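# Topology and contacts: notes
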Amino acid sequence: MLKARGVTRKFGGLVAVNNVDFEIPRGSISAIIGPNGAGKTTFFNVIAGIYAPTAGTIELDGKKLISPPTGAGREPILLVLPTIPFIALAIYFLMAVGGDTGLVEGVASVAVALLGFVSALLLNIVRPAWYNRFIKRIGVTRPARPNDMVAAGLARTFQNIRLYKSLTTLENILVGMHVHLRGTLLGALFKTRQVREEEAAAEQRARELLSFVDLAGMENELASNLPYGKQRLLEIARAIASRPKLLLLDEPAAGMNPKETEEMTALIRRIRDDLGITILLIEHDMRVVMGISDHITVLDHGEKIAEGLPKEIRNNPKVIEAYLGRGAAAGH
Amino acid sequence: MATANVTSASAGRLLGNLRLPIGIVLFLGISLPILGIDQFVNALTLGAIYALVALGYTMVYGIIELINFAHGDVFMVGSFVAMFISSSLLGAEGSITNVPMLAASVLLLFALTIAVMALIGALIERLAYRPLRRAPKLAPLITAIGVSFILQNIIQFFFGPTIVTVPQLVPIEWSIQVSGSRVPLLNIFVIGASVALMFALQVFISRTRTGRAMRTTSMDRDASSLMGVDINRTIMITFLIGSGLAGAAGVVHGLYYGNTSFALGFQSGLKAFTAAVLGGIGNTAGAALGGFIIAFIEVGASAFGYGRWGGAVVFSLLVIFLVFRPTGLLGSHSGDRA
Amino acid sequence: MTRIADAVTGPFAPVRAFFRRHRSLGIFVGVALLSIALPLLTRVPPFDGIQSTNAWVNAFTTAAIYAMLAMGLNVVIGFAGLLDLGYAAFFALGGYTYALAASPFSGIHLPFWPMLLAGGIVGAIFGVLLGAPTLRLRGDYLAIVTLGFGEIVPITLMNADKFTDGVNGIGGIDKPSIPGILQFTLINPWPMYGLVLVLFTLVMIMIYRLEDSRLGRTWDAIREDELAAESSGVNTVIAKLQAFAVGASIAGIVGVVNAAKITIVTPDQFRFAVSISALAAVVLGGMGNTIGVATGAFIIYLFQSILLKQLNTLVENFNIPVLNQIDFLEFQYVLYGIVLVLMMLKRPQGIFPARRRMREFAPLKIGKGGLK
Ligand SMILES: Nc1ncnc2c1ncn2[C@@H]1O[C@H](COP(=O)(O)OP(=O)(O)OP(=O)(O)O)[C@@H](O)[C@H]1O
Ligand SMILES: [Mg+2]
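Because the structure is predicted, anything quoted here is derived from the model rather than measured. (Residues numbered from 1 in each chain as written. Chains lettered and ligands numbered in written order. Predicted model: local features only at pLDDT ≥ 70, side-chain atom pairs only at ≥ 80, totals over all residues. Heavy atoms only, no water.)

### A few points about the overall build of chain A
We count it as follows: Secondary structure elements are taken from DSSP: a helix is a run of H or I of four residues or more, a strand is a run of E of two residues or more, and numbering for both begins at the N terminus. Only heavy atoms matter for contacts: two residues are in contact if any of them lie within 4.5 Å across the pair. Just so you know, the count uses Lys and Arg for positive and Asp and Glu for negative, and it drops His and the chain ends. Charge positions are represented by NZ for Lys, CZ for Arg, CG for Asp and CD for Glu.
In terms of regular secondary structure, chain A is built from 14 helices and 10 strands. Projecting the C-alpha coordinates of chain A onto the three principal axes gives extents of approximately 85 × 50 × 30 Å. Look at the contacts in chain A between residues 6 or more apart in sequence, and 69% of them connect residues 24 or more apart. Where the 39 positive side-chain charges of chain A centre and where its 33 negative ones centre are 5 Å apart.

### Observations regarding helix α10 (residues 228–240) of chain A
Residues and elements named next belong to chain A. Our working definition: The span one expects for a helix is its residue count, reduced by one, times 1.5 Å. Buried residues are those whose accessible area, probed at 1.4 Å on protein chains only, stays under 20% of the maximum for their type, while exposed residues exceed 50% and partly exposed ones sit between those limits.
Over its 13 residues, α10 extends 19 Å from the first C-alpha to the last, a length consistent with the 18 Å expected when each residue adds 1.5 Å. In terms of residue burial, α10 counts as a mostly covered element, since 11 of its 13 residues are buried. Residues of α10 that are buried: Gly229, Gln231, Arg232, Leu233, Leu234, Glu235, Ile236, Ala237, Arg238, Ala239 and Ile240.

### Thoughts on the domain arrangement of chain A
All names here are of chain A. Quick reminder of the rule: Start and end positions for the domains come from either an automated domain assignment or a database one. Throughout this description, the term salt bridge denotes a Lys or Arg side-chain nitrogen within 4 Å of a carboxyl oxygen of Asp or Glu. Think of a polar contact as two N or O atoms within 3.5 Å of one another; within protein, one of them needs to be a possible hydrogen donor and the other a possible acceptor, and neighboring residues in sequence only count if both atoms come from side chains.
The domain boundaries assigned to chain A delineate domain 1 (1–68 + 144–153 + 244–332), domain 2 (72–137) and domain 3 (166–242). If you average the C-alpha positions of domain 1 and of domain 3, the two centres end up 27 Å apart. Contacts between the two partners involve 18 residues from domain 1, matched on the other side by 11 residues from domain 3. The interface formed by domain 1 and domain 3 contains zero salt bridges. On inspection of domain 1 and its partner domain 3, the count reaches three residue pairs in polar contact (both at pLDDT 80 or more). When contributions to the side of domain 1 that touches domain 3 are tallied by element, the ones reaching two or more residues are β7 (246–250) and α11 (258–275).

### Focus: the site of ligand 1
Just so we agree on the cut-off: The rule for a residue being near a molecule or strand is that one of its heavy atoms must lie within 4 Å of it. Surface exposure here means Shrake-Rupley accessible area, sampled with a 1.4 Å probe, where a residue is shielded only by the protein chains that are shown.
Taken together, 15 residues lie near ligand 1, and Gly37, Lys40, Thr41, Thr42 and His284 of chain A sit nearest. The environment around ligand 1 is built from residues contributed by chains A and B. At 3.0 Å, a backbone N or O of Gly39 of chain A approaches an oxygen atom of ligand 1. One of the side-chain N or O atoms of His284 of chain A is found 2.9 Å from an oxygen atom in ligand 1. In the complex, 79% of the free accessible area of ligand 1, which totals 630 Å², lies under the protein chains. For the shell around ligand 1, the secondary-structure elements that each account for two or more residues are β2 (14–24) and α1 (40–47) of chain A. Tallying contributions element by element places α1 of chain A first for the shell around ligand 1, with three residues.

### A short note on the environment of Ala260 of chain C
Residues and elements named next belong to chain C. In this fold, Ala260 is placed in helix α12 (residues 236–262). Counting along the chain gives 59 residues from Ala260 to Asn319, while the straight-line C-alpha distance between them is 38 Å. Once residues lying within four places of it in the same chain are set aside, the contact partners of Ala260 are Tyr98, Phe112, Asp174, Lys175, Pro176 and Met192.

### Some remarks on the pattern of salt bridges
All names here are of chain A. Taken as a whole and assessed by the stated rule, the structure comprises 23 salt bridges over all chains. Between Arg5 and Glu59 there is a salt bridge whose closest N-O contact spans 3.3 Å. Of this pair, Arg5 sits in strand β1 (residues 2–11) while Glu59 sits in strand β4 (residues 55–60), placing them 54 residues apart in sequence. On the accessibility criterion, Arg5 (41% relative accessible area) is partly exposed. Judged by its relative accessible area of 14%, Glu59 is buried. The closest approach of N and O atoms between Asp285 and Arg287, which form a salt bridge, is 3.4 Å. Bridged by salt links that share partners, the residues Arg26, Asp61 and Lys245 form one connected network.

### Quick look at the nonpolar core
The condition that has to hold: Only buried residues count toward a nonpolar core. Its members are Ala, Val, Leu, Ile, Met, Phe, Trp, Tyr and Cys residues joined through side-chain atoms within 4.5 Å.
Counting residues in each nonpolar core, the largest one holds 272 residues, and the members touching the most others are Phe43 of chain A together with Leu85, Phe200 and Leu279 of chain C. The contact partners of Leu279 of chain C, leaving out residues within four places of it in the chain, are Ile142 and Ile145 of chain B together with Leu73, Ile77, Leu83, Leu85 and Leu340 of chain C. Among the nonpolar cores identified, the runner-up in size contains 49 residues, and Leu170, Ala239, Ile313 and Val319 of chain A belong to it.

### Some points on the packing of helix α5 (residues 185–207) of chain B against helix α8 (residues 231–257) of chain B
All names here are of chain B. We apply this condition: Interaxial angle, 0 to 180 degrees, is taken between N-to-C directions of lines fitted to C-alpha atoms, where a helix line uses only the stretch in contact. Should an angle fall under 35 degrees it is called roughly parallel, over 145 degrees roughly antiparallel, and 65 to 115 degrees roughly perpendicular, with every other angle called oblique.
The N-to-C vectors of α5 and α8 enclose an angle of 175°; their axes lie 10 Å apart at closest approach. One way to sum up the angle between α5 and α8 is to call them roughly antiparallel. In contact with Leu186, Asn187, Phe189, Val190, Ser194, Leu197, Leu201 and Phe204 of α5, α8 contributes Ile241, Leu245, Ala248, Val252, Leu255 and Tyr256.

### Details of the side chain of Arg238 of chain A
Along the chain, Arg238 of chain A turns up in helix α10. For Arg238 of chain A, a relative accessible area of 4% translates into the label buried. Sequence-distant contacts of Arg238 of chain A, defined by excluding residues within four places in its chain, comprise Phe158, Arg162, Leu163, Tyr164, Asn172, Ile173 and Gly176 of chain A together with Ala228 and Ser232 of chain C.

### Things to note about the sheet that holds strand β5 (residues 63–66) of chain A
All names here are of chain A. Convention followed: For two strands to pair, DSSP has to find at least two bridges joining them.
Pairing is antiparallel across the open sheet formed by four strands, whose spatial order is β2-β1-β4-β5. The sheet is open, and its two edges are formed by β2 and β5, each paired on a single side. Neighbour-to-neighbour, the strand axes of this sheet turn through a mean angle of 30°, independent of strand direction. As defined by bridge partners, β4 adjoins β5 across three bridges and the pair is classed as antiparallel. Paired with Glu59 across the bridge in β5 is Lys64. The strands touched by α1 are β1, β2, β4 and β5; relative to β1, the strand with the most contacts, the crossing angle is about 115°.

### With respect to the confidence of the model for chain A
All names here are of chain A. Let me state the cut-off plainly: pLDDT is defined as a per-residue confidence score from the predictor, taking values between 0 and 100.
With 90% of its residues at a pLDDT of 70 or more, chain A shows a mean pLDDT of 87. Here helix α3 (residues 84–97) stands out as the least confident element of chain A, with mean pLDDT 67; β7 is the most confident, with 96. Segment residues 327–332: pLDDT under 50, and five contacts once partners within four positions in sequence are set aside and those in other chains are kept.

### Things to note about the coordination of the magnesium ion (ligand 2)
Just so we agree on the cut-off: Think of the donor list as every N, O and S atom within 2.8 Å of the metal, or within 3.2 Å for Na, K and Ca; water never makes the list, so a site can look incomplete.
Distances from the magnesium ion (ligand 2) to its protein donors, Thr41 of chain A (OG1) and Gln159 of chain A (OE1), fall within 1.8 to 2.1 Å. Linking Thr41 of chain A in helix α1 with Gln159 of chain A in the loop between β6 (154–156) and α7 (169–176), this pair joins segments that are 118 residues apart in sequence.

### Details of the interface of chain C and chain A
Selection criterion: Buried area, as used here, totals the accessible surface that two parts lose on assembly, with accessibility defined by a 1.4 Å probe and the loss added over both. In this count, Pro and Cys sit with the nonpolar residues alongside Ala, Val, Leu, Ile, Met, Phe, Trp and Tyr, while Asp, Glu, Lys and Arg are called charged and the others, Gly among them, polar.
Each partner contributes residues to the interface: chain C has 50 residues there, and chain A has 54 residues. Contact between chain C and chain A buries roughly 4900 Å² in total, counting both sides, with carbon and sulfur atoms accounting for 63%. The interface formed by chain C and chain A contains three salt bridges. The residue Glu230 of chain C makes a salt bridge to Arg145 of chain A at a minimum N-O spacing of 2.5 Å. The tally of links from chain C across to chain A stands at 14 residue pairs in polar contact (both at pLDDT 80 or more). At the level of elements, α6 (112–134), α8 (161–164), α9 (190–211), α10 (214–224), α11 (226–231), α12 and α16 (355–360) of chain C are the ones that each hand at least two residues to the side of chain C that touches chain A. A total of seven residues in the side of chain C that touches chain A trace back to one element, the largest contributor, which is α10 of chain C. Split by residue class, the side of chain C that touches chain A holds 24 nonpolar, 10 polar and 16 charged.

### Focus on a nonpolar patch on the surface
Put simply, the rule is: Only residues above 30% relative accessible area that lack a salt bridge enter a patch, with like-charged residues linked at up to 9 Å and the nonpolar side chains Val, Leu, Ile, Met, Phe, Trp and Tyr linked at up to 5 Å.
Together, Ile22, Leu26, Ile30, Ile34, Phe304 and Tyr306 of chain B line one region of the surface with nonpolar side chains, adding up to about 660 Å² of accessible area. If you trace the backbone, Ile22 of chain B turns up in helix α1 (residues 2–64).

### Here's the deal with the packing of aromatic side chains
In plain terms, the rule: The pairing test for Phe, Tyr and Trp rings, Trp by its six-membered ring, is centres within 6.5 Å, and the orientation test on the planes gives stacked under 30 degrees, edge-to-face over 60, and tilted for anything in between. Charge-over-ring contacts are defined here by two conditions on Lys NZ or Arg CZ: a distance within 6 Å of the ring centre and an angle within 35 degrees of the ring normal.
This model, assessed by the stated rule, comprises 28 aromatic pairs over all chains. Aromatic pair Phe149 of chain B and Phe272 of chain C: ring centres 6.0 Å apart, planes at 50°, arrangement tilted. Here Phe149 of chain B, found in helix α4 (residues 138–159), pairs with Phe272 of chain C, found in helix α13 (residues 272–285), and the two come from separate chains. You can call Phe149 of chain B buried: its relative accessible area is 4%. Clustering of aromatic rings is evident, with ring pairs tying together Phe69, Phe149 and Phe266 of chain B together with Phe272, Tyr333 and Tyr336 of chain C. Note that Arg9 of chain A overlies the ring of Tyr51 of chain A, its terminal NZ or CZ placed 5.0 Å from the centroid. If you follow Arg156 of chain A out to its NZ or CZ, it ends over the ring of Phe158 of chain A, 4.2 Å from the centre.

### Comments concerning the environment of Trp56 of chain C
Residues and elements named next belong to chain C. Here Trp56 is to be found in helix α4 (residues 53–79). Separated by 133 residues in sequence, Trp56 and Pro189 place their C-alpha atoms 9.3 Å apart. Those residues in contact with Trp56 that lie beyond four places of it in its chain are Thr42, Phe47, Ile50, Gln51 and Ile306.

### Things to note about unusual backbone geometry
All names here are of chain A. A positive phi angle, close to 50°, is found at His301, a residue other than glycine. Mapped onto the fold, His301 is located in the loop between β9 (295–300) and β10 (303–308). Overall, the relative accessible area of 54% leaves His301 in the exposed class.

### Quick word on the side chain of Asp84 of chain C
All names here are of chain C. Mapped onto the elements of the fold, Asp84 is located in the loop between α4 and α5 (87–101). No salt bridge is formed by the buried Asp84. Its closest oppositely charged neighbour is Lys240, at 13 Å. A polar contact of 2.9 Å, which involves the side chain of Asp84, links it to the backbone nitrogen of Gly86. When sequence neighbours within four positions are dropped, the list of residues in contact with Asp84 reads Leu73, Val76, Ile77, Phe90, Thr146 and Phe244.

Dropping the structure here:
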């Protein structure tokens, strides 16, 4: 379902991810492993739309969503171009009508010009599909942003948990459901029935999600007051609240005791089996990785050095060297 | 193959290094005939003032990423301190024509004003900004706005809301002839003094231990702290220098315009900040360059009868640069990490 | 949606619980009671000695206008976490919109009521115009860009004489009227008092509704962690833009009302100090707490317009040397400065902290950490 082709990401001179090809089948649990600094998180960030790739493409469900940006210099023209007729109109009025009688026409045409510019700006931000197709034709492509990726069915957690700390757990989940809620600004102002019903339903589903990850009864707890392990659970719940097809987990079991780790493993399995969500995870804990992954990819120095079934990886000499060579994490 | 690459790269770098001087020469060469010598000298002088103030913005931003909103008002206070010193301590009412006396007075004026303003700047840092060093970013910014308002009103309280005259120590009549035009010695002196100060600053930053500490701190505060740089001291020195330069700008302003007002800091402050952004905030050479560019735009606008719009043009430039080229003309070292 | 259900206790528990459930009604009743109580209070000593009831009512009206501005700015700063230093520009645009639409200067006399909406729309348009290109910028850059915008607008109003009559401004602006029933006048402050309080109530109800909506949650999320919000599917630029537009349209509407109240607009009424006074109210009241911010605005306004004025007359009456030379009204600006500095240093969450902000300003939030 996810296809990465030749993904490269550089930071200045540092090549964090180097020409990685990668694929995950629907319904699988796949893992990326590799020593510290191998570029795993960077790879995630590229997939999730946070970092634009230096080269390479990402496809989700056959749709090419991410590729390096092109034609950025042409973009300002796009802003100005649609407003030129309006500006011309404004100048015409001011010149032609002139005098004291020109006031109304002048203000009106300036207003029209402004409206034109504002709509061009808004188009540039909202970017409806037809607009994207249009600008592609003149050679401007922008990689999907993180929120576009969420809309396309991808959700993620972060290596160092990033919750909305001063919101309650319930509110955290509700933010996670953002893309499936339709409530608009005007709807909120007038508190329409549609908005009230939607909010009530969302709250109901949020509670269900909380019990799915074993946080029932903690709805009104501030996220910052949860213990570390529960914060990880909440972050996962927030991610699956967007009903993703693919879930990216960055070291979900980091910092957990063996019992918590076991629960986490079970939860990941349940997410796949009960909710039908495909999973890609980064993990250093080899018991977790070997236990649940259908497929493992190994990165080192940004490059893919091996991939295959868990037992193939376990015995792959390159992988052992990558870990032992640095004397790190060998014991796992 | 490899050697070819190296030579073309170094040729490129040479071109890159020369880009700035070539640009400056071109810029000056074009604007001189357009503006005429009087306005040209005028723009250079105003540019020197903006540049001195812009340096303070850029240094502080470089080191603690704070837009020191109060800096324009520090400059304004500097102009009042200079006024106070020259009229009270030196007892001057107009210009001083005795050359040794003049030299001594002006030197004393610069030294005292710079010292006083450096202390005031450091005091502001200590009292208002240091406690907020780890606070959310908006907090010190809001504080800086508050400090700016307080400074303005203290001055307004003591000197009133109107324009205040400042003794012009250097006689304005003294001048030299340049291709038929009269160029006051005052301008030459002002420009010379400012450029000398900027030059001294560059040398200080690149050659001294403290200057190096400032640079490493601005690149990575935590790392340089681990390497034994005293962060608090370094930041304090940055404020000392930045405010001292603003004080010097205050002196220059008084000598040149012969007046000042409590409202001087806000608009010229914003213009100097624009200069810093234009040059690439955090970049000291850029700030100086930006100062001159802004001054040329402003003087150019009024030379062509659009003086009232000068401010609007400058602020539009600020907006455009921040939106489309936040690194400025020369680029800034403090690149944004995600 | 229900917020945290802290247990409601105390003597008035049932009443408070009722109004918690029906907040809009609660705001309505609260403002209504206050709007009756305040004029009554001005008839008892010591307040009756200060100025006439009509003058008091006029002062309350201005205070409420200022409070609405502060509440609008609070949407931008307190909810979305964006420091907007050019807020007075939108206030100005609203005022000039009405001035051009209903004054002898333009020769047009459109009715007041639809212009309220027009002021809101003009504000929103300019909000988007300023916000759309700039909201990707970092917080401090945004602050300075909005500040620049806040300067450009009065400069333009001052220099575009043909449309604005320059520094003189536009005077003789039409007063509102309800045809056949009520004509607002400069002498009688009560109709304007009523109008402003109705508007105040509506603005407050709307802002509370926004805070509790999907959009309000989105703003919270962005303020807390922009990257995480994006990764939750939020288009952060659009959400911030909405905050900007809401804040700007409130300022636009309030600008219309203000122009109709004082019947003249000049570029000088919309200087930087106005933006800062609104900021001071937000900071004093507590960023993010709507009622707190409105209260902060009332406190600052009454302090500067009543107390400082009183101080002037007091010193004059007793003829105290030196002090009688001072115009204490000048101190309102230093007051803003002191409020900003002291609050940031000593109580950044404001005197009435919003629940969420207490944590945010908790000490020692060390480094954001890289992207991991
Ligand atoms: N924003 C950035 N700017 C510059 N360099 C970066 C950035 N993000 C990551 N890097 C560098 O890229 C390399 C890969 O980092 P990454 O975080 O992807 O590694 P990782 O495999 O996730 O490591 P770990 O197991 O420690 O999480 C590192 O050398 C890191 O310093
Ligand atoms: Mg990582």
